[in-house]
Amino acid sequence: MKHSGSIVINKSIELVARLFADPANLKEYQDGFQRKELISGESGKNGAVSKMYYDDGKRKMELTETITSNNLPHSFEAFYHHKHMDNTMKCNFTALDENSTRYDYEFEYTRIDWVMPKLMAVLFPGMYRKHGDKWMQQFKDFVERND
């Protein structure tokens, strides 16, 4: 299952990439984000592996992130593993002018092996897209509030 989209952020590509790259900012636009811990490699570099922890009040979730390609400010790709699913994320940033950046994103779920998420993916595929789009809008709002 693959989802993609695009959003224009009214800030420079340098600011967008700087705020995107800083894990301390994840709590600003990803609901339930608690912390990110480096497990191996060099933080933010290709091959770096980190644990990411989320808590939405109803359940706790732990993901493993592996950075597969970090070419910021222009692109970022990572693989995410959870005990019930795997997905990839590809982000491309394009400067439209000095003060606006197009953020193109693609999420692909490559493995879903738990009954409930698999059922939701089949019956309500828009739910996965809606969640990703929400975080992208929240990221845009966060960046546009910052200088």
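Preceding this paragraph is the structure being described.
Bear in mind the structure is a predicted one, so any value in this text is a computation, not a measurement.

J.: Help me get a handle on the nonpolar core, residues and values and all.
T.: Counting residues in hydrophobic clusters, the biggest one holds 29 residues, and the most contacted among them are F20, F76, Y103, F139 and V143. Each residue touching F76, except ones within four places of it in the same chain, is listed here: F20, E65, I67, S69, N70, M89, K90 and C91.

J.: Give me the lowdown on the pairing of strand 7 (residues 100-112), citing residues and values where you can.
T.: Judged from the eight bridges that link them, strand 1 (residues 2-9) and strand 7 form a sheet pairing that is antiparallel. Residue G5 lies in a different strand from strand 7, and its bridge partner there is Y105. Two strands pair when backbone bridges link them, and strand 6 (residues 85-97) and strand 7 are joined in this way by 12 bridges, in the antiparallel orientation. Bridging from a neighbouring strand, N92 pairs with D104 of strand 7. Turn length for the strand 6-strand 7 hairpin, with the two strands adjacent in sequence and antiparallel, is two residues.

About the thresholds
- Residues numbered from 1 in each chain as written.
- Predicted model: local features only at pLDDT ≥ 70, side-chain atom pairs only at ≥ 80, totals over all residues.
- Heavy atoms only, no water.
- Core = buried A, V, L, I, M, F, W, Y, C linked by side-chain atoms within 4.5 Å.
- Buried < 20%, exposed > 50% of the residue type's maximum accessible area, 1.4 Å probe, protein only.
- Contact = heavy atoms within 4.5 Å.
- Pairing = 2+ DSSP bridges.
- Helix = DSSP H or I, 4+ residues; strand = E, 2+ residues; numbered from the N terminus.

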